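One-letter residues, chain by chain:
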Amino acid sequence: MKTNHKISGYTIRGGAYAVFLSVAFIAASSASNSNQPRPFNFAERVAFQRAIEDVYWRHRIWPKENPAHKPSLDAVMSQAQLENKVADYLRDSLALEDYWQRPITAEQLQAEMDRMARDTKQPGVLRELFEALGNDPAVIAECLARPILAERLIANLSAQGETCQVGSPQTEELVAMSVTITLGQVVYTLPKIANSGDSPCTDDTWTATTAAAGSSFVTINFPRSAFT
């Protein structure tokens, strides 16, 4: 599988957009307690991704040899990076549906949530992730389980030799997809996280890439497997 992870368009910036995302997050979290699969628009997904990354960042060990104070998440991750992360997993989902004819189902997402809760290496952190998403099973399925599951399914298909050249859809297509995505008539349930005891994070649990030339931030790649 070879996808182009460049994103064009949809580069809304500034304080007004930050306010909009906050409102979208609050509205999505308090709208309905229904566990039914439902659509999430692009802005909502970005807001939830921000909440996820904030949990990851809080648990990232700051190197002892670095004398500077640990910066805030906003200082190391830009709005564009959050949007790219969402666009990436939507592209993966679209590739599974359109090119491999294997769309991710609600049953698979529920099974992935159950797996995370059962096998997580850090149950305390996973609880924080669930709480950051309002303990809403539908939000957790779409914004936490979907990225992990899509990435693994594509890796498995690629390992089996089922590769294809996939053109990268424009962001407008991804926005439309995130609104109209349909799932089976399944009621999600919030799984109980196993109490296996939290193991401490280690310095090599995290990977950071260097900042682009002239950039004021760095790209942080959080390994999802550390917690899920």
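Conventions and cut-offs
- Residues numbered from 1 in each chain as written.
- Predicted model: local features only at pLDDT ≥ 70, side-chain atom pairs only at ≥ 80, totals over all residues.
- Heavy atoms only, no water.
- Helix = DSSP H or I, 4+ residues; strand = E, 2+ residues; numbered from the N terminus.
- Buried < 20%, exposed > 50% of the residue type's maximum accessible area, 1.4 Å probe, protein only.
- Salt bridge = Lys/Arg side-chain N within 4 Å of Asp/Glu carboxyl O.
- Expected span 1.5 Å × (residues − 1).
- Arc of directions from axis to C-beta.
- Contact = heavy atoms within 4.5 Å.

A. Region of interest: the side chain of Arg146. The topology assignment puts Arg146 in helix α7 (residues 137–159). Looking at Arg146, the relative accessible area reads 1%, which means it is buried.

B. Representation of unusual backbone geometry. At Gln101, a residue that is not glycine, the phi angle is positive and equals roughly 55 degrees. As for its position among the elements, Gln101 is in the loop between α4 (79–98) and α5 (106–119). Residue Gln101 is classed as exposed on the basis of its relative accessible area of 58%. Of note, the phi angle at Asn135 is positive, near 50 degrees, even though the residue is not glycine. Residue classification places Asn135 among the partly exposed residues on the basis of a relative accessible area of 37%.

C. Representation of the pattern of salt bridges in the model. Under the defined criterion, the tally for this structure stands at eleven salt bridges. As a salt-bridge pair, Arg50 and Asp74 come within 3.1 Å of each other at their nearest N and O atoms. Residue Arg50 is located in helix α2 (residues 42–58), and its partner Asp74 is located in helix α3 (residues 73–76); the two are separated by 24 residues in the primary sequence. Each of Arg50, Asp54, Arg58, Asp74 and Glu128 takes part in one network of salt bridges that share partners.

D. How the structure looks around α5. The end-to-end C-alpha separation of α5 is 20 Å, in line with the 20 Å expected for 14 residues at 1.5 Å each. Listed in full, the buried residues belonging to α5 are Ala106, Leu109, Gln110, Glu112, Met113, Met116 and Ala117. Each buried residue of α5 sits inside an arc of 160 degrees when the element is viewed along its axis, so together they form one side. Next to the buried residues of α5 lie α6 (123–132) and α7.

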